[in-house]
Amino acid sequence: SGLVHSYQYKVVLTGEGADEMLAGYDIFKEMQVRRFWARQPESQLRPLLFGKLYPDIPRLSQNRAFLTAFFRQDLEATAAPYYSHHIRWSNTARTRRFLAAENGGGNGQTRSGDPAALLPLPAAFAGWSALAQAQYLEITSFLSPYLLSSQGDRVAMAHSVEGRYPFLDYRVVEFCNRLPARLKLRGLKEKWLLKQLGRKLIPSEIWQRTKRPYRAPIQRSFFPAEQGADFEYVAELLAPEAVGRAEYFNPAAVAKLSKKAAGGAALSEVEEMALVGILSTQLVDHLYVRGQGRASGPAELVECKLVDLLSQSQRVGLAG
């Protein structure tokens, strides 16, 4: 958004919505494969299809035993309304172990709340196709509150840039919702119909290339190989006494995670998510709760370093 502003553009067209409306995400393929596997739960071949998913997470594709065990969770509960997102949500719930006891964690347990209380479903939901159900969950839990807000409007408007979303035009959405599932996800080929149209308009190396998500190097961003003064704020925010004062997280659990990250051992996906959540919460508390919005001294340093880090991220093409 800063780069767009520097070229004096005020409005940009972006592609948000294409993946949600036309089944472009791996979570839709994951649901498809799990339902296919559930029809023959003892099959040794069907789980191999998971190796075609999530190429950006090497551990899943490289370890067959781990891959099979990971996706077998509640495999045959295909009638469950949240079936498509169950693994993602249960996996994310493991971050609760970093919470302070009074906030629902800190004891190593990984309780997951009732999704129905947080994400009520339409009355007609049970009669929708499996793909339509998964799309609804993705749109309401991720697209609207996160992609369009945190990664869209907030970032763009911070630079006086307005994003426009052609795939979210209500007529396009209504058209996509009338399409049969096979025109969106054909086997494991995502956005099938859109690609058939695209092949007439754009080079094959573009419409045929492997889809990859935007990925930020989380661990390296906050725990680089060569530590220095620029990263002192990370240690300050994650120090046990700072975590204890804020009272959101379990100091011992955070200290263990911080030590692992600083030591260079690779963090898991869940651990990286937890690291960002903890550090962000600590930063907001330090600057705007306990600091009451008045940045001075160490807090001012933290704010400046965060801005520097985000600027560095933009220069190397990171999103979010």
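One can find the structure itself at the top, above this paragraph.
Cut-offs and rules
- All chains use their own residue numbering, which begins from 1 and follows the written sequence.
- Confidence filtering applies because this is a predicted model: local features only for residues at pLDDT of at least 70, side-chain atom pairs given and counted only at 80 or more, and all residues used for totals across whole chains, interfaces and linings.
- With hydrogens and water excluded, all non-hydrogen atoms of the structure serve as input to the side-chain values.
- Burial here depends on accessible area, computed with a 1.4 Å probe over protein chains only, as a share of the maximum for the residue type. Under 20% is buried, over 50% is exposed, and the range in between is partly exposed.
- Secondary structure is summarised from DSSP: a helix means a run of H or I of at least four residues, a strand means a run of E of at least two, and numbering begins at the N terminus for each.
- As used here, the arc belongs to the directions running from the helix axis to the C-beta atoms.
- Bending is quantified residue by residue as the angle between axes fitted to the seven-residue window ending at that residue and the seven-residue window starting at it.
- All axes are obtained by fitting lines to C-alpha atoms, using only the stretch in contact for helices, and the reported angles, taken between N-to-C directions, cover 0 to 180 degrees.
- Two helices cross in a left-handed way if the nearer one is turned anticlockwise from the farther one by less than a right angle. They cross in a right-handed way if the turn is clockwise.
- In this description, contact between two residues means that some pair of their heavy atoms is separated by no more than 4.5 Å.
- Each residue gets one label: Ala, Val, Leu, Ile, Met, Phe, Trp, Tyr, Cys and Pro are nonpolar, Asp, Glu, Lys and Arg are charged, and the others, such as Gly, are polar.
- Between rings of Phe, Tyr and Trp, where Trp is taken as its six-membered ring, a pair exists when centres lie within 6.5 Å; planes separated by under 30 degrees are stacked, by over 60 edge-to-face, and by other angles tilted.
- Distance and angle both matter: a charge sits over a ring if NZ of Lys or CZ of Arg is within 6 Å of the ring centre and within 35 degrees of the ring normal.
- Residue types Ala, Val, Leu, Ile, Met, Phe, Trp, Tyr and Cys, when buried and joined through side-chain atoms within 4.5 Å, form a set referred to as a nonpolar core.

(A) Representation of helix H9 (residues 149-157) within the structure. Ser149, Gly152 and Ala156 are the residues of H9 that are buried. One side of H9 holds all its buried residues, which, seen down the axis, span an arc of 125 degrees.

(B) View of helix H8 (residues 130-147). By the largest-angle criterion, Ile139 marks the main kink of H8, which is about 40 degrees. Within H8 the residues assigned to the buried category are Leu131, Gln133, Ala134, Gln135, Leu137, Glu138, Leu143 and Leu147.

(C) Molecular detail of the packing of helix H3 (residues 26-38) against H8. Interaxial distance between H3 and H8 falls to 10 Å at its minimum, and their mutual angle equals 145 degrees. Here the hand of the crossing between H3 and H8 comes out right-handed. Contacts between H3 and H8 involve Ile27, Phe28, Met31 and Arg35 from the first element and Ala130, Leu131, Gln133, Ala134, Gln135 and Glu138 from the second. The class makeup of the residues in the contact of H3 with H8 is six nonpolar, two polar and two charged.

(D) Structural view of the packing of aromatic side chains. All chains considered together, the criterion is met by 11 aromatic pairs. Here the aromatic rings of Tyr248 and Phe249 are separated by 6.3 Å at their centres, their planes lie at 65 degrees, and the arrangement is edge-to-face. For Phe249, a relative accessible area of 10% puts it in the buried group. Here the aromatic cluster, defined as three or more aromatic residues joined through ring pairs, consists of Trp37, Phe50, Phe66, Phe70 and Phe71. Geometry around Phe142 places Arg88 over its ring, the cationic atom sitting 5.7 Å from the centre. Taking the ring centre of Trp192 as reference, the NZ or CZ of Arg186 above it sits at 3.8 Å.

(E) Region of interest: the environment of Thr78. By the secondary structure assignment, Thr78 is in the loop between helix H5 (64-71) and helix H6 (86-92). Between the C-alpha atom of Thr78 and that of Ala38, which follows or precedes it by 40 residues, the distance is 7.7 Å. Residue contacts for Thr78: discarding those within four places in its chain leaves Arg35, Ala38 and Tyr83.

(F) Structural detail: the nonpolar core. Counting 24 residues, the largest nonpolar core has Phe28, Phe50, Tyr54, Phe71 and Leu131 as the members making the most contacts within it. Those elements giving two or more residues to this core turn out to be H3, H5 and H8. Here the element with the most residues in this core is H3; it accounts for six residues. Those residues in contact with Phe50, other than ones at most four positions away along the chain, are Glu30, Val33, Arg34, Trp37, Leu67 and Phe71. In terms of nonpolar packing, the next biggest core, distinct from the first, is built from 21 residues, Phe249, Ala253, Leu257 and Leu267 among them.

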